[in-house]
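# Descriptive structure summary
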There are 2 protein chains.
Amino acid sequence: MQLADVAMELFSSRGFEETTVEDIAKAAGISKRSFFRYFPTKEDVVFEGVQALGDDIVEELAERPESEGPWEALRVVLRDWSQEITDERHRLIASTPALRARFHETRDGVRRQFAEIVQRRFGLDAFTAELVTACAAAALDSASQEWHRLGGKKDRAELVDQAFDLARPACCPPPVSGG
Amino acid sequence: MQLADVAMELFSSRGFEETTVEDIAKAAGISKRSFFRYFPTKEDVVFEGVQALGDDIVEELAERPESEGPWEALRVVLRDWSQEITDERHRLIASTPALRARFHETRDGVRRQFAEIVQRRFGLDAFTAELVTACAAAALDSASQEWHRLGGKKDRAELVDQAFDLARPACCPPPVSGG
DNA sequence: CCATTTCTGTCACTCAGTGCCAGACTATAC
DNA sequence: GTATAGTCTGGCACTGAGTGACAGAAATGG
């Protein structure tokens with residue numbers, strides 16, 4: 001079993017803060033020092049892959065047709081993002097303040113990358129680009145929360161779509177379809 | 001001089017992470033143990049008052065007229081929020097990842113309070129309330145960043161207004177003024 | 001086989017944060 | 001005045017995250 005899996009299992013059963021790095025190391029049969037050779041911090045175990053996923057989505061965004069407009073491009077591309085974070089991970093993050101903080105920060109880093117691309121690709125000024133991407137993040141967040149509120153009974157992608165409809169900012173008018 | 005001022009001065013000159021709690025304590029003429037009787041963590045020094053300010057604004061929000069609608073109410077009330085965080089504090093937070101993370105988390109806590117009030121006072125469902133407050137936070141954030149981008153040359157309140165115009169979500173149509 | 005690189009554990013360290021206790025200070029009551 | 005109770009403080013020992021340095025094991029390559 002991989003180190004990250006061992007750690008996540010301990011986090012899930014005991015809680016993040018109640019699990020020491022030495023616990024993880026012992027369970028994985030390595031030393032504490034070696035743990036820190038694989039992960040720079042204890043928190044990073046939980047966020048393994050999130051940054052990588054962010055990079056993937058950034059690339060996808062850069063490949064959307066320019067004619068699509070920023071809001072639609074973000075909508076399409078972000079439907080995946082929330083899917084990839086497992087339930088257990090979400091539960092853990094939501095219930096641990098330190099992880100919540102770290103999650104916000106990580107996600108905002110990706111959002112900043114989005115903003116740069118949106119600015120270049122769709123020809124917006126920095127202010128508007130920041131604004132639009134921040135609104136998209138807001139929509140995604142609300143969709144994710146609503147999904148949890150409903151106990152996972154509704155399709156995530158559908159909720160994201162709904163959120164993007166409700167949150168569409170005034171600076172991104174809907175694509176006209178014959179009117 | 002107050003403990004928080006001593007600490008902020010050290011943070012400003014040496015940086016947050018380069019300043020130990022013992023440094024602060026020594027400079028303030030108290031023991032390390034006493035420092036932690038005034039502030040639960042080193043980070044909390046930087047965020048002194050932010051939560052209290054949040055509570056104030058939550059109250060203000062609760063007192064806005066119902067007829068105003070959520071978006072306008074948030075706009076009015078949030079114009080103060082960013083004003084209250086000093087430049088130096090902003091600079092420090094922006095340049096320290098751990099503080100950035102903590103800031104996001106703190107602000108999101110306040111936002112959740114907003115959402116509850118918006119939901120009750122303006123009769124929205126939880127989903128929409130979360131969405132609208134998250135969009136407002138996005139607008140505020142973008143305005144604040146733009147203010148820094150412009151080197152503080154433009155009026156903050158004006159930028160917030162502008163951001164709220166650009167970011168107005170589809171679920172909060174503008175108040176009709178005779179049309 | 002030997003040489004080099006890489007991986008690993010151990011040890012010692014710094015720093016944030018906590019629990020405990022003992023002494024100092026203050027306020028009130030007698 | 002003294003006794004007493006509550007609060008504030010420093011000191012000490014501790015846990016736990018994270019780092020630097022070093023030495024030995026293991027893989028790699030000739």
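These remarks concern the structure in this document. All values reported here derive from a predicted model rather than from experimental measurement.

### Quick word on the overall build of chain A
Counting its regular elements, chain A contains 10 helices and zero strands. Secondary structure elements of chain A occur, N-terminal to C-terminal, as α-α-α-α-α-α-α-α-α-α. Seen through its C-alpha atoms, chain A measures out along the principal axes to roughly 65 × 35 × 25 Å. Counting over 179 residues, chain A shows a buried share of 35%. Across chain A, the fraction of contacts at a sequence separation of at least 24, relative to all contacts at a separation of at least 6, is 59%.

### Comments concerning the protein's contact with DNA strand D
Surveying the vicinity of DNA strand D reveals 13 residues, the closest of which are Thr20, Thr41 and Lys42 of chain A together with Ser31 and Ser34 of chain B. Looking at the surface near DNA strand D, the elements with two or more residues in it are α2 (21-28) and α3 (32-38) of chain A together with α3 (32-38) of chain B. Broken down by element, the surface near DNA strand D gets its largest block of residues, three residues, from α3 of chain B. Looking at the surface near DNA strand D residue by residue, the class counts come to four nonpolar, four polar and five charged.

### What about the protein's contact with DNA strand C?
Surveying the vicinity of DNA strand C reveals 13 residues, the closest of which are Arg33 and Ser34 of chain A together with Thr20, Thr41 and Lys42 of chain B. Mapped onto the surface near DNA strand C, the elements with two or more residues apiece are α3 of chain A together with α2 (21-28) and α3 of chain B. Looking at the surface near DNA strand C, the element that brings in the most residues is α3 of chain A, giving three residues. Each residue belonging to the surface near DNA strand C can be placed in one class, and the counts come to four nonpolar, four polar and five charged.

### Points about the relation of the copies chain B and chain A
When chain B is fitted to chain A, the residual RMSD is 0.1 Å, and the transformation amounts to a turn of 180 degrees plus an axial shift of 0.1 Å. Put plainly, the chains are arranged around a two-fold axis. A shared binding surface is used by both copies, with 100% of the interface residues of chain B retained as interface residues in chain A.

### Describing the interface of chain B and chain A
Listed per partner, the contact involves 30 residues of chain B and 30 residues of chain A. Looking at the side of chain B that touches chain A, the elements that each hand over two or more residues are α8 (97-122), α9 (126-149) and α10 (156-167) of chain B. Per-element tally for the side of chain B that touches chain A: the top contributor is α9 of chain B, with 15 residues.

### So, the nonpolar core
In terms of nonpolar packing, the biggest core is built from 64 residues, with Cys135, Ala138 and Ala139 of chain A together with Cys135, Ala138 and Ala139 of chain B touching the most fellow members. If we skip the residues at most four places from it in the chain, Ala139 of chain A touches Ala163, Phe164 and Ala167 of chain A together with Leu131 of chain B.

### Looking at helix α10 (residues 156-167) of chain A
All names here are of chain A. Here α10 is 12 residues long and its end C-alpha atoms lie 16 Å apart, about the 16 Å a rise of 1.5 Å per residue gives. Every buried residue belonging to α10 is among Leu159, Val160, Ala163, Phe164 and Ala167, and all of these are buried. What you see down the axis of α10 is that its buried residues fit within an arc of 140 degrees, all on one side.

### A closer look at the environment of Thr106 of chain B
Residues and elements named next belong to chain B. Tracing the sequence through the fold places Thr106 in helix α8. When the 19 C-beta atoms within 10 Å are taken as the criterion, Thr106 is described as partly exposed. Residues Thr106 and Phe47, 59 residues apart in the sequence, show an inter-C-alpha distance of 8.7 Å. Discounting chain neighbours no more than four positions away, the residues touching Thr106 are Phe47, Val50 and Gln51.

### Concerning the packing of helix α9 (residues 126-149) of chain A against α10 of chain A
Residue and element names in this part refer to chain A. Taken N-terminus to C-terminus, the directions of α9 and α10 make an angle of 135 degrees; their axes are 8 Å apart at the nearest point. Classified by the angle between their axes, α9 and α10 sit oblique to one another. α10 is crossed by α9, and the crossing has right-handed handedness. In contact with Cys135, Ala138, Ala139, Leu140, Ser142, Ala143, Glu146 and Trp147 of α9, α10 contributes Arg156, Leu159, Val160, Ala163, Phe164 and Ala167. Partitioned by chemical class, the residues of the contact of α9 with α10 number 11 nonpolar, one polar and two charged.

Thresholds, definitions, all that
- Residues numbered from 1 in each chain as written.
- Chains lettered and ligands numbered in written order.
- Predicted model: local features only at pLDDT ≥ 70, side-chain atom pairs only at ≥ 80, totals over all residues.
- Helix = DSSP H or I, 4+ residues; strand = E, 2+ residues; numbered from the N terminus.
- Buried ≥ 20, exposed ≤ 12 C-beta atoms within 10 Å, placed from the backbone.
- Contact = placed C-beta atoms within 7 Å.
- Near = placed C-beta within 6 Å.
- Nonpolar A, V, L, I, M, F, W, Y, C, P; charged D, E, K, R; others polar.
- Least-squares fit on C-alpha atoms with pLDDT ≥ 70 in both.
- Core = buried A, V, L, I, M, F, W, Y, C linked by C-beta atoms within 7 Å.
- Expected span 1.5 Å × (residues − 1).
- Arc of directions from axis to C-beta.
- Axes fitted to C-alpha atoms, helices over the stretch in contact; angles between N-to-C directions.
- Parallel < 35°, antiparallel > 145°, perpendicular 65-115°, else oblique.
- Left-handed = near helix turned anticlockwise from the far one by under 90°.

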